[in-house]
Amino acid sequence: MIPGEKYHLFNHANGKENLFAKQKNYTFFLQRLAQHILPVCKLYSYCLMPNHFHLVLQVRFNEELQKLWQKQEYSPALSPKQLEFKISKTFSNFFNSYTQSFNKVYNRMGSMFIPNMKTQLIEDNSTFCKQVHYTHTNPVHHRFAKKMKDWPHSSYKIFFSKSPTKLEREYVLAAFGGLDAFIKYHQQFIDLKFTFLE
């Protein structure tokens, strides 16, 4: 993953297990996401389902990442390769942190996530809107819910709220052309072009 670029990120449970056993696991996952990932990425949308999840995010720009890691490690400027490694390591730490906590609580052993997360580069605003829409529609597509608003573990309802959020809500709404346009866009059928990410 490259600084400044937007991605649709997907990962799945290892084997036939679920990533989330109880409501508190979803909450804990988002807490760990905020701790590990948000210093490195901006989050635009998410959806957590029993055995997989989707994130639409943007890796922070080079200057922000350099400042973050130089402050933490008192190190000189990092090369592009070093930055890519650090970004990858951040996600690895996130997955490991969640897995270790889950394993401890449920007396479980071994990895929880498939080794290589999938990412799709988002190159323009049209694709960005499609990916956000796909993320929110996923629970309906997988028949976990009849309507997007019925699934409690996605960012969809956050866009109708005025409460503080760590999600980049204003950016996303502007990308769609405002809340009304966001609602209208989300009334479309899911774009099956993105189902390879499942």
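This text goes with the structure placed above it.
**Comments concerning the nonpolar core**
Side chains of nonpolar character tend, in soluble globular proteins, to be buried together.
Argument step 1. Core analysis: the biggest nonpolar cluster contains 52 residues, and Phe53, Leu57, Phe91 and Phe128 have the highest contact counts within it.
Argument step 2. For this core, the elements supplying multiple residues, two or more each, are strand 1 (6–12), helix 1 (23–36), strand 2 (41–49), strand 3 (52–59), helix 2 (62–73), helix 3 (80–105), helix 4 (125–141) and helix 5 (169–176).
Argument step 3. Apart from the residues lying within four places of it in its own chain, the contact partners of Phe91 are Met1, Leu9, Ile37, Cys41, Leu57 and Met117.

**Regarding the packing of helix 1 against helix 3**
Argument step 1. Where helix 1 meets helix 3, the axes come as close as 10 Å, and the angle between the chain directions of the two elements is 150 degrees. The hand of the helix 1/helix 3 crossing is right-handed. Seen from helix 1, the contacting residues are Asn25, Phe28, Phe29, Arg32, Leu33 and His36; seen from helix 3, they are Thr90, Asn93, Phe94, Ser97, Tyr98, Ser101 and Phe102.
Argument step 2. Here the contact of helix 1 with helix 3 is composed, by residue class, of six nonpolar, six polar and one charged.

**Here's the deal with unusual backbone geometry**
Argument step 1. Its identity is not glycine, yet Asn107 carries a phi of approximately 50 degrees, on the positive side.
Argument step 2. Mapped onto the elements of the fold, Asn107 is located in the loop between helix 3 and strand 4 (118–122).

**Considering the pattern of salt bridges**
Argument step 1. This model, assessed by the stated rule, comprises three salt bridges.
Argument step 2. In this structure, Glu17 engages Arg108 in a salt bridge whose closest nitrogen and oxygen atoms are separated by 2.7 Å. Of this pair, Glu17 sits in the loop between strand 1 and helix 1 while Arg108 sits in the loop between helix 3 and strand 4; the two residues are 91 residues apart in sequence, bridging distant segments of the chain.
Argument step 3. For Glu17, a relative accessible area of 38% translates into the label partly exposed.
Argument step 4. Measuring nitrogen to oxygen at the nearest pair gives 4.0 Å for the salt bridge that ties Arg169 to Glu170.
Argument step 5. For Glu170, a relative accessible area of 58% corresponds to the exposed category.

What counts and how
- Residues numbered from 1 in each chain as written.
- Predicted model: local features only at pLDDT ≥ 70, side-chain atom pairs only at ≥ 80, totals over all residues.
- Heavy atoms only, no water.
- Core = buried A, V, L, I, M, F, W, Y, C linked by side-chain atoms within 4.5 Å.
- Buried < 20%, exposed > 50% of the residue type's maximum accessible area, 1.4 Å probe, protein only.
- Helix = DSSP H or I, 4+ residues; strand = E, 2+ residues; numbered from the N terminus.
- Contact = heavy atoms within 4.5 Å.
- Axes fitted to C-alpha atoms, helices over the stretch in contact; angles between N-to-C directions.
- Left-handed = near helix turned anticlockwise from the far one by under 90°.
- Nonpolar A, V, L, I, M, F, W, Y, C, P; charged D, E, K, R; others polar.
- Salt bridge = Lys/Arg side-chain N within 4 Å of Asp/Glu carboxyl O.

Everything listed here is a matter of geometry and, on its own, says nothing about what the molecule does.
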